[in-house]
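# Structural overview
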Amino acid sequence: MRRGFCEACGTPLSFDYGGEMEVSIGSLDDPTLAAPAIQVNAEPRLPFVDGLADLPHRKSEDEPKIAEFMAGIISYQHPDHDTNEWPPKDGRPEDEL
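Residues numbered from 1 in each chain as written. Predicted model: local features only at pLDDT ≥ 70, side-chain atom pairs only at ≥ 80, totals over all residues. Heavy atoms only, no water.

Reading across the sheet, the 3 strands line up as 1-2-3 and stay open at both edges, with antiparallel pairing between neighbours. Across the chains shown, the open sheet's two edge strands, defined by having one partner strand only, are strand 1 (2-5) and strand 3 (22-23). (Pairing = 2+ DSSP bridges. Helix = DSSP H or I, 4+ residues; strand = E, 2+ residues; numbered from the N terminus.)

The computed volume of the largest pocket comes to approximately 560 Å³. Together, 20 residues line the largest pocket, and Glu-22, Val-23, Ser-24, Ile-38 and Val-40 are the ones closest to its centre. Looking at the lining of the largest pocket, the elements with two or more residues in it are strand 1, strand 2 (12-16) and strand 3. Among the elements that line the lining of the largest pocket, the one with the most residues is strand 2, at 4 residues. (1 Å grid on protein atoms, 1.4 Å probe; cavity = no way out; pocket = protein on both sides within 12 Å on 5 of 7 lines; lining within 4 Å. Points joined across faces, edges and corners; volume = space filled by probe spheres on them.)

Right, let's talk about the pairing of strand 2 for a bit. For strand 1 and strand 2, the ladder comprises 4 bridges, and the chain directions are antiparallel. Pairing of Arg-2 across the sheet is with Asp-16, part of strand 2. Counting the residues in the hairpin turn of strand 1 and strand 2 gives 6 residues, including Gly-10, whose phi is positive at 85°. Pairing analysis gives 2 bridges linking strand 2 to strand 3, with the strands arranged antiparallel. When the bridges of strand 3 are listed, Ser-14 appears paired with Val-23. Where strand 2 folds back onto strand 3 in an antiparallel hairpin, the turn is made up of 5 residues, including Gly-18, whose phi is positive at roughly 100°.

This paragraph deals with the packing of aromatic side chains. Enumeration according to the criterion identifies 1 aromatic pair in this entry. Taking 6.2 Å as the distance between ring centres and 35° as the angle between the ring planes, the aromatic pair formed by Phe-15 and Tyr-17 counts as tilted. (Phe/Tyr/Trp six-rings, centres within 6.5 Å; stacked < 30°, edge-to-face > 60°.)

Before going further, it helps to spend a moment on a nonpolar patch on the surface. A surface patch of nonpolar side chains, about 460 Å² in accessible area, is lined by Leu-46, Phe-48, Val-49, Leu-52 and Leu-55. Its location among the elements puts Phe-48 in the loop between strand 3 and helix 1 (64-71). (Patch = residues over 30% accessible without salt bridge, like charges linked within 9 Å, V, L, I, M, F, W, Y side chains within 5 Å. Areas by Shrake-Rupley, 256 points an atom, 1.4 Å probe, with all protein chains shown as cover. Salt bridge = Lys/Arg side-chain N within 4 Å of Asp/Glu carboxyl O.)

To continue, consider the environment of Arg-2. You can see Arg-2 is positioned in strand 1. Taking the relative accessible area as the measure of exposure, Arg-2 reaches 56% and is therefore exposed. Taking the C-alpha atoms as reference points, Arg-2 and Gly-18, 16 residues apart in sequence, are found 8.3 Å from one another. Leaving out residues up to four positions away in the same chain, Arg-2 has contacts with Ser-14, Phe-15 and Asp-16. (Buried < 20%, exposed > 50% of the residue type's maximum accessible area, 1.4 Å probe, protein only. Contact = heavy atoms within 4.5 Å.)

Now the structure itself:
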């Protein structure tokens, strides 16, 4: 088995077990273009997973402290969106230089 990671930020990108390679949809620039076609590794999932969509939703904008916290999060999962030059010369986003 082989796992693929971004060499700059460590984002998990792929899983290769010797069959068809699995790609992390969440790591794509536009994950809406790659809707899942199959569930993998469904057998060991936790028993509550099937009911997650039925749980009530809490919107961060309804709770000011959560909205403020979320607004302050900086994600480097897609560093090419945050930099003018990719990859950065020293491997760090330019706002950390």
